[in-house]
Amino acid sequence: ALLIAAAVLLVLAIGAYFLFFAPKIEMPDFVGKTRTDVAAWVKQQGIETSGVIFDDTYDFDSTEGTILKQSVPAGRKVKNNVKLNFTLSLGPDPDESISVPDLSSMTKDDIQAWITSNKLLKTKTVTAYNDEVAENEVIDYSFSGCEADTFTRGCTLKINVSKGPAP
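Now for a description of the structure that goes with this document.

Conventions used here
- Residues numbered from 1 in each chain as written.
- Predicted model: local features only at pLDDT ≥ 70, side-chain atom pairs only at ≥ 80, totals over all residues.
- Heavy atoms only, no water.
- Helix = DSSP H or I, 4+ residues; strand = E, 2+ residues; numbered from the N terminus.
- Contact = heavy atoms within 4.5 Å.
- 1 Å grid on protein atoms, 1.4 Å probe; cavity = no way out; pocket = protein on both sides within 12 Å on 5 of 7 lines; lining within 4 Å.
- Points joined across faces, edges and corners; volume = space filled by probe spheres on them.
- Pairing = 2+ DSSP bridges.
- Axes fitted to C-alpha atoms, helices over the stretch in contact; angles between N-to-C directions.
- Phe/Tyr/Trp six-rings, centres within 6.5 Å; stacked < 30°, edge-to-face > 60°.
- Buried < 20%, exposed > 50% of the residue type's maximum accessible area, 1.4 Å probe, protein only.
- Lys NZ or Arg CZ within 6 Å of the ring centre and 35° of its normal.

**Description of the environment of Y141**
So, step 1. Mapped onto the elements, Y141 comes out in strand β7 (residues 138–144).
So, step 2. Separated by 93 residues in sequence, Y141 and E48 place their C-alpha atoms 52 Å apart.
So, step 3. Not counting chain neighbours up to four residues away, the residues in contact with Y141 comprise L103, S104, L157, K158 and I159.

Here's what the structure looks like:
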C-alpha cells in the first residue's frame, strides 16, 4: 500500500509540474521579422515585457528594423517570465567611408549601380535638359556635409545628369 501511495504521489507531482510549472509557450522564429512582430507576440502570450531586450547593430545586408538574432531558439518552450534578447538591424552603417569614383566619367546607369551597391540612401540623381552635355552624362555634382575624400554613406550627394538638349 505504501508503494502504491508513493507511485500515486509521483504521478500527481509529475502531472502538477506539467499542469502548472512546465513552459507552455513555443518560441517562434523572429529572424527577419520586426520589433512590432515581437511586441504583438509578447502581448498575445502574456510575456513580461521587462524581460524583452533589443540590441541595435549596423548590418549592411539587412533592412533597418529587421531582427538578426534571438537569444532563445525557435521551437523551444518558454514561460511567460522568460528573458529574451533580440539583435535589431540599424541597416548599413552611415559612418562607413565610401570611395567616390570619377562621377564625371560615369553614365546615369553606372551611377545608379554605384548608389545601389553601396546602399547610399542620401545620394540622389536629378535630371535636367542641357545643350552642352550629352544625354545620361553628368552635368555636375555637389556634396553636402562632406567632400569626396571624406564621403560616408550618411553624406548627402546630389548628381545632376543631362537629359540632352531641350526639345
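On we go.
**Remarks on the layout of surface pockets**
So, step 1. Volume-wise, the largest pocket comes out at about 260 Å³.
So, step 2. What lines the largest pocket is a set of 14 residues, and nearest its centre among them are E64, L90, G91, P92 and L121.

**What to know about the sheet that holds β7**
So, step 1. The strand order β6-β8-β7 describes an open sheet built from three strands, whose pairing is mixed. The sheet is open, and its two borders are formed by β6 (123–128) and β7, each paired with just one other strand. Strand after strand, the sheet turns through a mean of 20° between neighbouring axes, direction not considered.
So, step 2. Strand direction decides the pairing type here: β7 and strand β8 (residues 156–162), joined by six bridges, are antiparallel. Note on β8: the bridge partner recorded for Y141 is I159.
So, step 3. Those strands touched by helix α3 (residues 108–117) are β6, β7 and β8, and its axis lies near 165° from that of β6.

**With respect to the sheet that holds strand β2 (residues 52–57)**
So, step 1. As summarised here, the arrangement of the three strands in space is β2-β5-β3, forming an open sheet in which the pairing is mixed. Bordering the open sheet on either side are β2 and β3 (67–70), each of which pairs with just one other strand. With strand direction ignored, the average angle separating the axes of adjacent strands in the sheet is 25°.
So, step 2. Note: β3 against strand β5 (residues 84–89), three bridges, orientation antiparallel. Note that in β5 the partner of K69 across the bridge is T87.

**Side note on the packing of aromatic side chains**
So, step 1. The tally for this structure, following the rule as stated, stands at six aromatic pairs.
So, step 2. Ring geometry for F54 against F86: centres 5.5 Å apart, planes inclined by 25°, an arrangement best described as stacked. One end of the pair, F54, is in strand β2; the other, F86, is in strand β5, with 32 residues separating them in the sequence.
So, step 3. Residue F86 is classed as buried on the basis of its relative accessible area of 1%.
So, step 4. Connected via pairs of aromatic rings, a cluster forms that spans F30, W41, F54 and F86.
So, step 5. Of note, R35 hangs over the ring of F54, and the distance from its end group to the ring centre comes to 4.1 Å.
So, step 6. Above the ring of F60, the side-chain terminus of K119 is found at 4.7 Å from the ring centroid.

**Digging into unusual backbone geometry**
So, step 1. Within the chain, K119 stands out as a residue other than glycine whose phi angle is a positive 50°.
So, step 2. Within the secondary structure, K119 sits in the loop between α3 and β6.
So, step 3. Notably, N136 is not glycine yet its phi reads approximately 70°, a positive angle.
So, step 4. Mapping N136 onto the fold places it in the loop between β6 and β7.

**A look at the environment of E96**
So, step 1. The residue E96 is located in the loop between β5 and α3 in this model.
So, step 2. Note: C-alpha distance between E96 and F151 (55 residues apart in sequence) is 8.5 Å.
So, step 3. Among residues more than four places away in sequence, those in contact with E96 are F151, T152 and R153.

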